[in-house]
Structures are given as structure tokens and as C-alpha cells.
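# Observations on chain architecture
These are the residues of each chain, in order.
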Amino acid sequence: MILSLLLCFHCEAQKRDYHWTFGTLVGINFNSVTPSVDTTIKTISLEASATIADENGNLLFYVGSENSSFSTPGANKFVVRNALDSVMPGGDSLAGHTSITQGLIILPDPGDTARYYIFHITYPGDKLYYSKVDMSLNNGLGEVVSSNNLLNNNVLEKMHSVKAANGRDWWLITTYYSPSTDYFRKYKIDSSGVHYKGTQIFPTLFNNGYSAFGQMIFSKDGEKLMYSGGVDITYLFNFDRCIGEFSNQIGIDTFTFGIDAGSRYGASLSPSGRYAYLSTSEGYIDSLWQFDTQASNINASRQLIFATQPLYDFTMGQHMLGPDGKIYIANVYAGGLSTPLDSLNTHLSVIQTPDSPGVACNFAPYSFSLHNRICLLGLPNLPNYNLGQLENVNCDSILAAGINDFNPQLQFMIYPNPAKDKVKIKWKDVDAKGITFELLSMEGKVINEFFVEGPSNEASINLSNALPGIYIIRFTINHLLLESHKLVITP
């Protein structure tokens, strides 16, 4: 019986991440027991790349730059190529840049099995766009039917996505900062399109933009997000896939590396989510660290897994969890394509058993040959396409209640959270009048409501009559929804 269940699960799993394209004209095909190298690929990307296959693991299309030189036209756009490696109609000029850490990601359209979203970031200007591909056109080879739709004028280089708790829709997360505020930007992708779902503020998260680069990655189960800190601290967050809220911010590498240290870039989480891996740079040495996210002190649990030899500017690049359960890591010299080929920059490094502690994770540096193709800094930006519905949660009802809709003029802050007897609420607009606070159950039922006549920018709400549990606070003016947040009430 157990064997039958495992076989059925394997049959139902989508293989959308079974083809990778990245670096200099190279890809990987995971459809065999031993992954094979694809040298027919026509894209060259320093960092950003994205690929998607169909449910059976057949390559559909991929996106990347035409070359990795900052001064050439190909560096300032993305190109979409089909399974035959030809430029897809309409896909020759997507806004973008080869030097954007996570500047690309591909998501299936929840409302149309033949259509796909490409989200892409450009530089300079750090603008977020989306384009759409219809695979029913061009004899099944696809066509870009809508391109360069601007979503936001201000984002940083980090971008990742996770399935919503209904197992159908998507959350897309980007980041940004202002002189006084650091925050995540959130988008919900459902059958009706792409919807901006506001921001979530975290103090001192991005250190005024110095941590703009580096990876931001969700765990396989979607419950954690790891944020590589660039030149600042790296953080872990819990994530609620239903309402799109982050919580429990924990700094995992608060230690100082040394006088030349501070650069964090590649980041990954093991298949179970227990072990976090982080690449750091100190002078001319790059190091790979492991952290136990279940430890009482995650920072103290760090273990050095590997350190590069003091070569001239040799860098450990992006990490990506493969469908085989191994974590692959890119390697590159600072000169990129201008450096000679050798066994270091023409191989990926591999964490063979990432759910094992310390050196038992079996890190194999420069072990996966790319057949003399240079891998550069990036690997495909891949979400978990197989993540399913969260059980025992009526996520659609909660979202129908308007959770996370956002008015940029009113930014509400709730504290403490979790709360016991009362909670304080502050908001940005001191002139706001007639705000109603509604306390909802997780099923979307209104439990209680409170009215603040104003003008004011703070309030205190008594929670002593509410049972312990998870609730939603929804803010409205004249029945117009402004913003919603999750609130945990403790015994």
C-alpha cells in the first residue's frame, strides 16, 4: 500500500522544474536518474534566468539575456525562447537587465492552463513588469501575447513566489526601501489577473538598500522565507500562504565575519526547511555556512561547510534546490566570460544531502560538469510548482473578505501581536476620520467591530472577551476596505 501511494504521488507531481537554463549557453535536464547537460541553449545571463517545463517535464520556454556584458544592448533586455531554442514571437525585447539577482520568474496562469506569466525587473530604475505567454499559439511553441506591463516603479533585485494556501493562486513577493521604511511588496495572481496586495513593513530590514542584492527564497513547504542580507543581516520569516502575511522575523547570521566581510548572496533551504545555507564573502574567500532553523539560537548553530581558496575574486553564486532533492550552487570568477575555462567555473557545486547536519550534508565542490560552459552567478529562479492546498483552512473565504487589500495613504501597525487582553493600533494618516475596525474569524465571519470617530492616528482595543485563536482585523471607512492584518490572541 505504501509503495502504491508513493508511486501515485510521483505520477501526479508536476515536473515543471525539470529543465534549467542559465549561464553561458547551458542547461540541465532532470528527466533522467542522472541529470544531463543541455548545450543547445541560446541564452547567456550573468544572473537572472527563468525556465518552465510542462507537467511531464518537457521544456516549454525559457527567458534570459543575450549576453552578459553591461555595455551591450543584449544586457538591457530579456529574450524568450521556445523549446526549439528560437526566439518566441513577441518575445525579443522584454524589459530587463542581465545583472538583476532575481530579475525573472515564470508562473502558470491560474485561470488558463495554456497561459503563463513572466515577471521581470529592469535596471536602472528597478521597475517590475509582467508579460504573458500563450502556449496554444504558434503550433504549440508559444507566443508572447502581452509584454512589458508595468506593475511598479520601485523594487529591489529580490523576487520570489509561492503557491497560495488554496493550492491554485500565487503570491509574488518583491522588496523595496525608503529613507525611513523597509518593506515587502506583495502581489496576488489568480484567475482574474495580477493584484497588488500592499506592503508589510520591517524596521532596518534592508539597511538603506545595501542588501538589495542576494537571494530571497521560500522553503519547499512555503512556510518560511529566507532573505539573504547582502551587506546586512540575513533573516528568516514565517509566511502565511492564505493571507500573505510575514511574521517571526529572526536574524540568523548576526555574527561578524571579519574586516572585509559583510557580503551575503546565495541562499537556500533544505527540502524539509530545517537547514538554511548561506554563501558569504570575506576578502577573497567565499564561504558556505549551514544554520539549523530548529535550534534555540539559530545564529549559534552555524557551521562552516566550505571555504574557497584565496583566488582572485572567485565567487559562489546563487543556490537552487533541484527536483532530485540536491542543492546546486553556481561558481564564477569576477571576470565572467573574460576568464579562461577551468574546472571551477565550468562546474556547479552540489549539496548532496542538504537535510543532514554539518559536513554530513555532503558538499561536493565543483562536482557537476557543464561540459565546458561557464555557469556565471545565476541559476533559474524556481518556485515549488507542486505545493498543494493547505488543509483545514477556508482560504478562499478569507480572501473574499478582502484580506490584505491596501490603501497606500493608510498604513496600519498592530502591536503587540500576538496579544492577550488588548492591542494598540497606529496608522499613518493623522487626519483620518470614521475608521471602523472589524474583528473577523479565519472563516471571514465578523466577530466584533470598533469605531474610532477621529481625527486620530492611534487606538487601543480591548480583547478580553475574545477567545484565544487567530483572527483578522479589517480596517474600513464608510464600508471601503483599507487594509487587513492577521492577529493572534493568546490565552
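Residues numbered from 1 in each chain as written. Predicted model: local features only at pLDDT ≥ 70, side-chain atom pairs only at ≥ 80, totals over all residues. Heavy atoms only, no water.

## As for the overall build of the protein
For the protein, the count of helices and strands is two helices and 35 strands. Sorting the 491 residues of the protein into buried and exposed places 55% on the buried side. The contacts in the protein between residues at least 6 apart in sequence include a share of 53% that link residues at least 24 apart. Here the protein displays about 20300 Å² of accessible surface, and carbon together with sulfur accounts for 50% of that area. (Helix = DSSP H or I, 4+ residues; strand = E, 2+ residues; numbered from the N terminus. Buried < 20%, exposed > 50% of the residue type's maximum accessible area, 1.4 Å probe, protein only. Contact = heavy atoms within 4.5 Å. Areas by Shrake-Rupley, 256 points an atom, 1.4 Å probe, with all protein chains shown as cover.)

## What about the pattern of salt bridges?
Side chains bearing opposite charge may pair, as long as their charged atoms lie close to each other. Tallied over the entire structure, the rule returns nine salt bridges. Put simply, R115 and D112 hold a salt bridge, and the shortest N to O gap is 3.9 Å. By relative accessible area, R115 is classed as partly exposed at 25%. Classification of D112 by relative accessible area gives partly exposed; the value is 30%. Between K186 and E245 there is a salt bridge whose closest N-O contact spans 3.4 Å. Taken as a pair, K186 in strand β15 (residues 182-190) and E245 in strand β20 (residues 245-251) lie far apart in primary sequence, 59 residues in all. (Salt bridge = Lys/Arg side-chain N within 4 Å of Asp/Glu carboxyl O.)

## Comments concerning the sheet that holds β15
Reading across from one edge, β13-β14-β15-β16 is the order of the four strands in this open sheet, with antiparallel pairing throughout. With one partner strand each, in any of the chains shown, β13 (159-163) and β16 (193-201) form the two edges of the open sheet. Here the strands of the sheet are splayed against their neighbours by 25° on average, with no regard to which way each runs. (Pairing = 2+ DSSP bridges. Axes fitted to C-alpha atoms, helices over the stretch in contact; angles between N-to-C directions.)

## Brief notes about the confidence of the model for the protein
Do not read the fine detail of predicted coordinates wherever pLDDT is low. With 83% of its residues at a pLDDT of at least 70, the protein reaches an overall mean of 84. In the predicted structure, residues 1-11 sits below a pLDDT of 50 and forms one contact with residues beyond four places in sequence or in another chain. Counting interchain partners and residues more than four positions distant, the pLDDT-below-50 stretch residues 402-409 has 30 contacts. (pLDDT = per-residue confidence, 0-100.)

## Observations concerning the pairing of strand β33 (residues 458-462)
Where burial is concerned, the two faces of β33 differ: the one with A459 and I461 is buried and the one with E458, S460 and N462 is not. Relative to β33, strand β30 (residues 422-427) is paired through five bridges, and the arrangement is antiparallel. Pairing of K424 across the sheet is with S460, part of β33.

## What to know about the nonpolar core
F22, F61, I106, I118, F119, M226 and L348 are the most contacted members of the largest nonpolar core, which totals 60 residues. Take this core: its biggest share by element is five residues, from strand β10 (residues 115-121). In this view, F119 contacts G103, L104, I105, L107, Y129, Y130, L151, M159, L172, I189 and V194; residues no more than four positions away in its chain are not counted. Ranked by size, the runner-up nonpolar core spans 18 residues in total, among them I414, W427, V452 and I489. (Core = buried A, V, L, I, M, F, W, Y, C linked by side-chain atoms within 4.5 Å.)

## Here's the deal with the sheet that holds strand β7 (residues 77-82)
Reading across from one edge, β5-β6-β7-β8 is the order of the four strands in this open sheet, with antiparallel pairing throughout. Every interior strand has two partners, whereas the edge strands, β5 (50-53) and β8 (94-95), have only one. Bridge count for strand β6 (residues 59-64) against β7 is four bridges, and the pairing is antiparallel. From the neighbouring strand, Y62 faces β7, where its bridge partner is R81.

## What to know about the side chain of K158
Assignment of secondary structure puts K158 in the loop between β12 (143-152) and β13. It is E157 that comes nearest to the buried, bridge-free K158 among opposite-charge side chains, at 7.6 Å. Engagement of the side chain of K158 in a polar contact is seen with the backbone oxygen of F213, the distance being 2.5 Å. A polar atom in the side chain of K158 sits 3.2 Å from the backbone oxygen of S228. (Lys, Arg positive; Asp, Glu negative; His and termini not counted. Polar contact = N/O pair within 3.5 Å; in protein donor to acceptor, adjacent residues only side chain to side chain.)

## Section: unusual backbone geometry
Backbone geometry at N148 places phi at a positive 55°, although glycine is not the residue there. Relative to the helices and strands, N148 resides in strand β12. Residue N148 is classed as partly exposed on the basis of its relative accessible area, which comes to 29%. Although it is not a glycine, N248 sits at a positive phi angle of roughly 55°. Inspection of the secondary structure assignment puts N248 in strand β20. A relative accessible area of 45% means that N248 is categorised as partly exposed.

## Quick word on the packing of aromatic side chains
The tally for this structure, following the rule as stated, stands at 21 aromatic pairs. Each ring, one from Y117 and one from Y130, has its centre 5.7 Å from the other, and the planes form 65°; the classification is edge-to-face. Here Y117, found in strand β10, pairs with Y130, found in strand β11 (residues 128-134); they are 13 residues apart in sequence, far enough to count as distant. With a centroid separation of 5.7 Å and 85° between ring planes, the pair formed by Y328 and F368 is classed as edge-to-face. (Phe/Tyr/Trp six-rings, centres within 6.5 Å; stacked < 30°, edge-to-face > 60°.)

## Details of the pairing of strand β9 (residues 104-108)
Along β9, five of the five residues are buried, which leaves the element largely enclosed by surrounding structure. Here β9 shows a buried face lined by L104, I106 and P108 and a second buried face lined by I105 and L107. Pairing of β9 with β10 involves five bridges; the strand directions are antiparallel. By the bridge assignment, I105 is partnered in β10 with F119. The turn linking β9 back onto β10 is made up of six residues.

## Focus: the environment of Q309
Topologically, Q309 is positioned in the loop between β24 (303-307) and β25 (314-321). Between the alpha carbons of Q309 and Y284 there is a distance of 8.1 Å; along the sequence they are 25 residues apart.

## Let's talk about the environment of I305
In this fold, I305 is placed in strand β24. A relative accessible area of 14% means that I305 is categorised as buried. Separated by 53 residues in sequence, I305 and G358 have C-alpha atoms that sit 6.7 Å apart. Sequence-distant contacts of I305, defined by excluding residues within four places in its chain, comprise L288, W289, Q290, G358, V359, C361 and F363.

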